[in-house]
Amino acid sequence: MIAAPDGGGEWLTPRTLPTAGNGRDHLHLLASHRPPAGPTVGDHVSPGLLHLLDQLDTTPAQVLSDLGDVLAQNAMARALLGGVCTVSEHGRNVVWRWFADPEARTAYPAEEHAYYSRLHVADLRAAVGRRSGDPACVRLVERLRGASEEFAELWARHEVGVRRHSRMRVVHPVIGPVDLDCQVLLTPEGEQRLVIHTPPPGTDAGERLALLRVVGGEQFAPA
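Residues numbered from 1 in each chain as written. Predicted model: local features only at pLDDT ≥ 70, side-chain atom pairs only at ≥ 80, totals over all residues. Heavy atoms only, no water.

(A) Molecular detail of the overall build of the protein chain. Looking only at helices and strands, one finds eight helices and seven strands in the protein chain. Taken across its 223 residues, the protein chain has 39% of its residues classed as buried. A total of about 12,800 Å² of accessible surface is found on the protein chain, and carbon and sulfur atoms cover 55% of it. (Helix = DSSP H or I, 4+ residues; strand = E, 2+ residues; numbered from the N terminus. Buried < 20%, exposed > 50% of the residue type's maximum accessible area, 1.4 Å probe, protein only. Areas by Shrake-Rupley, 256 points an atom, 1.4 Å probe, with all protein chains shown as cover.)

Here it is as structure tokens:
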């Protein structure tokens, strides 16, 4: 038993202390080695992330895997960024769509395409390195390298960077161009993330999102 900070009884017991794998990982880090990756969670979305997603009815938000698969999104995200294809292979993967589907880039200013390309590739490489030979990673990268010369060139640069926050501009057909701050909340394992698109202070993005909520509600309302 671990005593509570005030000495007033039980706080955590060995049964509840979250130590699984921590000692092993710590030994790897002490030896200057990367800890081995644990089992992946697949398409099962963390209950905590789903709970947060349900609360964000006025803010565009998505749950993505570390490889870029859209696992869940709210109505505001669909209204802002469009739906995803769950039929074709990698149809819901934002990296695949960015490099293999020219239509995916039309919602973003052309002068920012190069930046987004580097952002996608660096984030994907971080996930591939963590997963270390996972077949899903190998398949996705092989398809991307075969489908896009731009991806193959960027992949050869070996840039690595987990996406945590950024600013993006979306050119929406109804509300027009809107600047948004992208905040990324990672699960402890880093396999899933909640991406929240919020209006930057001092801009009219909040009013544009309010209009989008009305338009999106009409678009997704039952016939």
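The discussion continues.
(B) Representation of the sheet that holds strand E4 (residues 70–73) in the model. Taken together, the five strands give an open sheet; going across it, the order is E4-E3-E7-E6-E5, and neighbouring strands pair in antiparallel fashion. Every interior strand has two partners, whereas the edge strands, E4 and strand E5 (165–172), have only one. In this sheet, adjacent strand axes meet at a mean angle of 30 degrees when their direction is disregarded. Pairing of strand E3 (residues 61–65) with strand E7 (residues 192–198), which is carried by five bridges, proceeds in the antiparallel orientation. The residue of E7 that forms the bridge with Gln62 is Val195. (Pairing = 2+ DSSP bridges. Axes fitted to C-alpha atoms, helices over the stretch in contact; angles between N-to-C directions.)

(C) The nonpolar core, seen in detail. By size, the foremost hydrophobic cluster in this structure holds 30 residues, and its most contacted members are Phe99, Leu124, Leu144 and Phe151. For this core, the elements supplying multiple residues, two or more each, are helix H3 (75–81), helix H4 (94–100), helix H5 (113–131), helix H6 (135–147), helix H7 (149–155), E5, strand E6 (176–186) and helix H8 (205–220). Looking at this core, the element that brings in the most residues is H5, giving five residues. Discounting residues that sit within four places of it in the chain, Leu144 has contacts with Val95, Trp96, Phe99, Leu124 and Phe151. Counting ten residues, the second largest nonpolar core, distinct from the first, contains Ala61, Val63, Leu194 and Ile196. (Core = buried A, V, L, I, M, F, W, Y, C linked by side-chain atoms within 4.5 Å. Contact = heavy atoms within 4.5 Å.)

(D) Structural context of the layout of surface pockets. Of the pockets and cavities examined, the largest pocket occupies roughly 730 Å³. For the largest pocket, the lining is made up of 38 residues, of which Leu81, Val94, Ala104, Tyr108 and Met168 are closest to its centre. Among the elements of the structure, E3, E4, H3, H4, H5, E5 and E7 are those that each provide at least two residues to the lining of the largest pocket. At five residues, H5 tops the list of elements feeding residues into the lining of the largest pocket. (1 Å grid on protein atoms, 1.4 Å probe; cavity = no way out; pocket = protein on both sides within 12 Å on 5 of 7 lines; lining within 4 Å. Points joined across faces, edges and corners; volume = space filled by probe spheres on them.)

(E) Structural context of the packing of aromatic side chains. Following the criterion strictly, the structure yields six aromatic pairs and no others. An angle of 55 degrees between the planes, with centres 5.4 Å apart, marks the rings of Tyr115 and Tyr116 as tilted. Owing to a relative accessible area of 5%, Tyr116 belongs among the buried residues under this scheme. By the ring-pair criterion, three or more aromatic residues cluster together here, those being Trp98, Tyr108, Tyr115 and Tyr116. The ring of Phe99 is capped by Arg105, whose NZ or CZ atom sits 5.5 Å from the centre of that ring. (Phe/Tyr/Trp six-rings, centres within 6.5 Å; stacked < 30°, edge-to-face > 60°. Lys NZ or Arg CZ within 6 Å of the ring centre and 35° of its normal.)

(F) Local environment of the pairing of E3. Judged by how many residues are buried, E3 sits mostly within the fold: five of five residues are covered. With burial as the criterion, each face of E3 is covered, one bearing Ala61, Val63 and Ser65 and the other bearing Gln62 and Leu64. Judged from the three bridges that link them, E3 and E4 form a sheet pairing that is antiparallel. Its bridge partner being in E4, Leu64 is matched across the sheet by Val70. Taken together, E3 and the strand that follows it, E4, pair antiparallel across an intervening segment of four residues, in which Gly68 is found at a positive phi of about 100 degrees.

(G) Expanded view of the packing of H5 against H6. In the contact formed by H5 and H6, the axes pass within 10 Å of each other and the chain directions differ by 145 degrees. For the element pair H5 and H6, the recorded crossing hand is left-handed. Taken together, the residues of H6 that come into contact with H5 (itself represented by Leu124, Val128 and Arg131) are Ala136, Cys137, Leu140, Val141 and Leu144. In the contact of H5 with H6, the residues fall into seven nonpolar, no polar and one charged. (Left-handed = near helix turned anticlockwise from the far one by under 90°. Nonpolar A, V, L, I, M, F, W, Y, C, P; charged D, E, K, R; others polar.)

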